[in-house]
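The primary structure of each chain is shown beneath.
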Amino acid sequence: MDLSDDAVGDKTYNAPTRSYVRDTKAMVATLADVKEYPISYVFEIDMLGLKCGDIKFQVEDANVLSISGERKGEEEKEKAKYVRMERRVGKFMRKFVLPKNANTNAISAVCQVGVLSVTVHKLPPPEPKKPKTIEVKVA
């Protein structure tokens, strides 16, 4: 690729857009705790200010739990100038690689008091293989 002198001198060349930076911060700011219990894994994600219907979670590539959604800003009735804005708006996404013993067919989610709790049950441990007995025939 040939870059002209104008493109090299331009400071905005390849600079991220303002919305990209905002969305990236919202994604990073989505806090989560992961707990392991004897029969399951529990993912607790802060979803303050979101309706449960605005949250989407799915399993990708057979072992990646993906949780996504969008925090929408409030419509202002009057034109207000923000003095300080700390609550994030925009899209968010968190991905978690599930362990091999996670049962992706047994996943449930509950949203309470601004916290999404996703439970992924574990597969039962494999039974140890029994030795195969071969009958010896006498000729």
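### Things to note about the nonpolar core
- With 15 residues, the main nonpolar core has Phe-43, Met-47, Leu-65, Ile-67 and Val-118 as its most contacted residues.
- Going through the elements one at a time, β2 (40–46), β4 (64–71), β5 (90–97) and β7 (115–122) are the ones with two or more residues in this core.
- For Leu-65, the contacting residues outside a window of four places in its chain are Phe-43, Phe-57, Gln-58, Val-59, Arg-94, Lys-95, Phe-96, Leu-98 and Val-118.

### Quick word on the packing of aromatic side chains
- The tally for this structure, following the rule as stated, stands at 1 aromatic pair.
- Across the ring face of Tyr-41, the terminal group of Lys-122 is positioned such that the distance to the ring centre comes to 4.9 Å.

### Quick notes on the side chain of Ser-68
- For Ser-68, the position within the fold is in strand β4.
- Not counting residues within four places of it along the chain, the set of residues in contact with Ser-68 comprises Asp-54, Ile-55, Lys-56, Phe-92 and Met-93.

### Focus: the pattern of salt bridges
- In total, this model carries 3 salt bridges according to the counting rule given.
- Where Lys-35 meets Glu-44, a salt bridge forms, and the shortest distance between an N and an O atom there is 3.5 Å.
- Given a relative accessible area of 33%, Lys-35 falls into the partly exposed group.
- Residue Glu-36 pairs with Lys-122 through a salt bridge whose shortest N-O separation is 2.7 Å. In this pair, Glu-36 sits in strand β1 (residues 32–36) while Lys-122 sits in strand β7, placing the two residues 86 residues apart along the sequence.

Thresholds applied
- Residues numbered from 1 in each chain as written.
- Predicted model: local features only at pLDDT ≥ 70, side-chain atom pairs only at ≥ 80, totals over all residues.
- Heavy atoms only, no water.
- Core = buried A, V, L, I, M, F, W, Y, C linked by side-chain atoms within 4.5 Å.
- Buried < 20%, exposed > 50% of the residue type's maximum accessible area, 1.4 Å probe, protein only.
- Helix = DSSP H or I, 4+ residues; strand = E, 2+ residues; numbered from the N terminus.
- Contact = heavy atoms within 4.5 Å.
- Phe/Tyr/Trp six-rings, centres within 6.5 Å; stacked < 30°, edge-to-face > 60°.
- Lys NZ or Arg CZ within 6 Å of the ring centre and 35° of its normal.
- Salt bridge = Lys/Arg side-chain N within 4 Å of Asp/Glu carboxyl O.

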